[in-house]
Amino acid sequence: MSASRRGYTSEYRRNRAVVLADAPACTLCRRRPATTADHIVPLSKGGTNQLSNLRPACGPCNYGRGNRGYHR
Ligand SMILES: [Zn+2]
């Protein structure tokens, strides 16, 4: 749990607002509205909080993927 929170900085929050304003639908399931910004490359893998590494995702898609890293 603590690892998934590390790196969620003010830069992340600022860029998340930009990402959500630009594309309100989740890019993973394309069904639910996006409420979070998913890291394309996880922070634990060296990803950043820059806009180029963020995409809009709904909570279930983002957290289901983010907490455990890759499923397989
Ligand atoms: Zn989704």
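Whatever comes next refers back to the structure up there.
No experiment lies behind these values; they were computed from the predicted model shown. (Residues numbered from 1 in each chain as written. Predicted model: local features only at pLDDT ≥ 70, side-chain atom pairs only at ≥ 80, totals over all residues. Heavy atoms only, no water.)

**Examining the side chain of Asn62**
For Asn62, the location among the structural elements is in helix α3 (residues 59-66). Within the structure, the side chain of Asn62 is placed 2.8 Å from the side chain of Thr36, a separation counted as a polar contact. Those residues within four positions of Asn62 in sequence are excluded, and the remaining contacts are Thr36, Ala37, Asp38 and Ala57. (Helix = DSSP H or I, 4+ residues; strand = E, 2+ residues; numbered from the N terminus. Polar contact = N/O pair within 3.5 Å; in protein donor to acceptor, adjacent residues only side chain to side chain. Contact = heavy atoms within 4.5 Å.)

**Some remarks on the side chain of Thr36**
Here Thr36 lies in strand β1 (residues 36-39). Residue Thr36 is classed as buried on the basis of its relative accessible area of 6%. (Buried < 20%, exposed > 50% of the residue type's maximum accessible area, 1.4 Å probe, protein only.)

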